[in-house]
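What follows is each chain in one-letter form.
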Amino acid sequence: MDVPYFFTRQLLRGTSLLLLLAAGCGTPSGAIRQDQPKVVDLKIEGADEVSASDIKEKIVTSETPWWEPLNPFVGPNYFDENAWQADLRRIKRFYQSQGYYQMQLESEQLEDTVVRKGDDAVALRVKVLQEGAPTRVGAFVVKGMEELPPEHRARVMEELPLEPAQEGGERSIFREEGWEATKELMQQRLRELGYAEAEVSGEVQVDLATNEARVFLEVRPGLRYRFGNIFVATDANPQVKPRRIIEQAQGAIRKGEWYSETALSEAQARVFRMGVFGAVKVNRGAPDREARTVPVVVDVREAPFRSIRLGGGVGLDAARQEVRAVGEWTDRNFFGGLRRLTVGGRVGYAFIPTIGAAFDQIDTNGDGEPDAPNLTTPHGLVFELSTQFEQPRFLMRDLRLQTTLTGERGLEQAYNFIGGRLRGGVIWQPYPEFSLFPSYNLEVYRLQGQRGLQDQTTVPPLVLGCPAGGGSDTCNISVSYLEQVAEWDRRDDPIAPRNGFYTALSLQEGGGPLQGDYTFLRVLPDVRGYYSFGPNDSLTLAARLRLGTLLTPVVTNEAGERIRQESAIVNRFFAGGGASMRGFNSRRLSPMNIVNTNTESAPPDRVVPIGGNSLVETSVELRFKLIGNLYLAAFHDTGLVGAGPLNFGPRQSDVRRESGRVFGDYHYQAVGLGVRYLTIVGPLRLDLARRLNIGQPLPILDPPPGQPNSLGGLGDCFGIGGVAAAAAERNTYAGSPEGLCTFFLSIGEAF
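Undergrad: It is not clear to me how the sheet that holds strand β9 (residues 277–284) should be interpreted in this structure. Could you clarify?
TA: Strand pairing within a sheet occurs via backbone hydrogen bonds; the two strands may be parallel or antiparallel. Read from one edge to the other, the open sheet built from three strands follows the order β8-β10-β9, with strand pairing classed as mixed. Strands with a single pairing partner mark the edges of an open sheet, and in this sheet they are β8 (226–233) and β9. Put simply, the sheet's adjacent strands are angled 20° from each other on average, direction ignored. By the bridge criterion, six bridges tie β8 to strand β10 (residues 293–302) in an arrangement that is parallel. Bridged to F231 within β10 is V297. Relative to the sheet, helix α7 (residues 242–249) contacts β8, β9 and β10, its axis offset from that of β8 by approximately 145°. Where helix α8 (residues 261–272) meets the sheet, its contacts fall on β8, β9 and β10, and the angle it forms with β9 comes to roughly 160°.

Undergrad: What is the right way to read the state of the cysteines from this model?
TA: By definition, a disulfide links the sulfur atoms of two cysteines through a covalent bond. The tally for this structure, following the rule as stated, stands at two disulfides. Two residues share a disulfide in this structure: C466 and C475, whose sulfurs sit 2.2 Å from each other. In this structure the cystine formed by C466 and C475 twists about its S-S bond by roughly -75°; its chirality is therefore left-handed. One disulfide bridge connects C717 with C741, the sulfur atoms lying 1.9 Å from each other. For the disulfide bridge between C717 and C741, the dihedral angle about the S-S bond is near 45°, and by the sign convention the bridge is right-handed.

Undergrad: Before we go on, may I ask you to explain helix α6 (residues 176–192) in this structure?
TA: Two residues of an α-helix separated by three or four positions point the same way, owing to the 3.6 residues in each turn. Between its first and last C-alpha, α6 extends 24 Å over 17 residues, near the 24 Å set by a 1.5 Å rise per residue. Of all the residues in α6, the buried ones are E176, G178, W179, T182, K183, M186, R189, L190 and R191. Following α6 by one or two positions, G194 adopts a phi angle in the positive range, close to 110°.

Undergrad: When you look at the packing of aromatic side chains in this model, what are you seeing that I'm missing?
TA: Each aromatic ring pair is specified by the distance between its two centres and by the angle formed by the two planes. One pass over the structure, following the stated rule, counts twelve aromatic pairs. Ring geometry for Y95 and Y100: centres 6.2 Å apart, planes at 85°, overall edge-to-face. Residue Y95 shares its accessibility class with Y100, and that shared class is buried. Taking the centre distance of 5.9 Å and the plane angle of 35° together, the rings of Y415 and F417 count as tilted. Each of the two residues, Y415 as well as F417, counts as buried. Taken together, the ring pairs connect Y415, F417 and Y445 into an aromatic cluster. Geometry around W258 places R226 over its ring, the cationic atom sitting 3.8 Å from the centre.

Undergrad: Is there a simple way to explain α8 in this structure?
TA: End to end, α8 covers 17 Å across twelve residues, agreeing with the expected 16 Å (1.5 Å per residue, within 8%). Taken residue by residue, α8 has A263, L264, A267, R270 and V271 as its buried positions. Buried residues of α8, viewed axially, fall in a sector of 125°; they line one side. For α8, the elements touching its buried residues are β8, α7, β9, β10 and β18 (415–431). The residue sitting at the N-terminus of α8 and contributing the capping side-chain oxygen is S260; that oxygen lies 3.2 Å from the backbone nitrogen of T262.

Undergrad: What is the right way to read unusual backbone geometry from this model?
TA: Most of the time, phi is negative for any residue but glycine, and the peptide bond is trans. Even without being glycine, N211 reaches a positive phi, approximately 50°. Position of N211 among the secondary structure elements: in the loop between β6 (199–207) and β7 (212–220). The backbone of R393 sits at a positive phi, close to 50°, despite the residue not being glycine. Inspection of the secondary structure assignment puts R393 in the loop between β16 (379–391) and β17 (399–411). With relative accessibility at 40%, the residue R393 sits in the partly exposed group.

Thresholds, definitions, all that
Residues numbered from 1 in each chain as written. Predicted model: local features only at pLDDT ≥ 70, side-chain atom pairs only at ≥ 80, totals over all residues. Heavy atoms only, no water. Pairing = 2+ DSSP bridges. Helix = DSSP H or I, 4+ residues; strand = E, 2+ residues; numbered from the N terminus. Axes fitted to C-alpha atoms, helices over the stretch in contact; angles between N-to-C directions. Contact = heavy atoms within 4.5 Å. Disulfide = S-S within 2.5 Å. Expected span 1.5 Å × (residues − 1). Buried < 20%, exposed > 50% of the residue type's maximum accessible area, 1.4 Å probe, protein only. Phe/Tyr/Trp six-rings, centres within 6.5 Å; stacked < 30°, edge-to-face > 60°. Lys NZ or Arg CZ within 6 Å of the ring centre and 35° of its normal. Arc of directions from axis to C-beta. Polar contact = N/O pair within 3.5 Å; in protein donor to acceptor, adjacent residues only side chain to side chain.

Shown next, in the form of structure tokens:
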């Protein structure tokens, strides 16, 4: 009969320490000599209950990835005997930490696990002879909470990572990370309830004969405290007065309320959001046991108050290409009081659709020789210059005034413009994750349709939405409106989120007493959610829903007909691009208009997006951590930009009705794959998408006589797989005429 063998948590810690010391004897990967063989393969066989990929993450030795020859910045992974011997012990120790204390390897000898592949390479093989039965949680004893209120005890014990055995249910496997997480979570919950000095410790006794773990927890809650005074530790001659820092911290920490570490974190976020500190740390001071209060210490280090940022970039798309330079100057203490003044701009040169097409020439006299520039492929200077002023603590602590003045010149596929925007409003942010921004906005533009639209001389009013009395191809417009933007951001990381959610709502009300050329109501909600799961949370499911509608009033035209007022093209919805519906290039998901008639002396018909009055976008994406900072993603995007109340004539009335139907003939779908590589500025993202051939081609509004009311594509992917076809056959392919496939290279997640 086997005698039960018990060992405590202290012994587990001792074993971990010995293994850590053993690991220190191994040669770090960065110090391995390059004359040693490289690891071309590493396989772990017989690992069923514990994931082989998880094991590989816990050891030092790793195989050279297949893409290593393609990466000039990273070399192969070399083999080191000492590190590998320590790795074999790490594998056994990792199994034990997962509850499999009787696990055995077939061999731990170097000659049995290393296979030579020539003179400069090795393949490593590890075989698990037996994993053994898992150790399950048996007795679960908690001492020290007898004096706490019942509701506090229930809160501390609720849904712990290491669950006690349930009567009649299967006992959970004892895992060491669950044991550590249980102690940490219990202590955290006690401190959230005001027990600032709470500590949780204990031990685990593992019986190898019965495969049972007996858990003993010792809780020392201590006294329950309330918040006391707030103190500031700062630089010797600070420019920011301590009272301003205390004022921000008091938005989360209120004297006399129960102590909470969540309140400390919120106070830290509030102080850091002031934007003038390079480092902020909010900690509790030494508790006053007689008064049962805890002081709070805010430790800050001021950052430079003035900064300059310069950069540049290139935007490449099948529909638009641009080179640009950007710059920004910021003063974070403009005339004192932490007023912020930011002056920035972007200057570039844009080509539509491509650089090459912009300088092509066409045959205008029919002699077969190009003799004139192609005026339907515009190019030119684009810029945006803006000045923003922000006044913190405007009337109250959590309110700040913000005004922005912007001048810009832009070049789009259907039009170009020059003008400016003025915005003034207040931002109310009572919590770090919630903000409300009501503002007044005035936009003034001079719009000009691209040459060649329709009959190559004029632009129909529908394209630009010019007000009554405006020119046919050029007009001046003013848009005056109120806007309210509410945001609630509970993501764990705004740049590369893995858990949490984000919601936003934008409301715009234009015209009426605000004057301007347009009366409208524009609504745009945005909802996103993220959830990570699987081994080590290596899988992340992300989803997004974005809806929009632009409502205009009914007016009476010169013929006495009641029609919808036109909307300005600058306020309409467009979709498509790397951060939108990825089955379309930038802004190409939209009702279209024909550039020119198809004559002998003109290039083939081309269509340009003119925007719509309704929007539906959905996206579901599964992100998987492959290895290190490399991730893979699979996604499904859908998108709809409907014509809505645009007055495009009786021939398209059926298109109008269909465009408003979710998952109708004009709600397009795409699937795709992506690769992400995490960097300090965000994920470097490459996405490849294929639009599903479901639905109709994009609608063409107000086509000239004899022209179709839609123009599809050849069904190809980057010029591969398509077939020459008549116009009627081309119209069978859903979406835009560029083809069914797109790709995007950018920094940052799509959402």
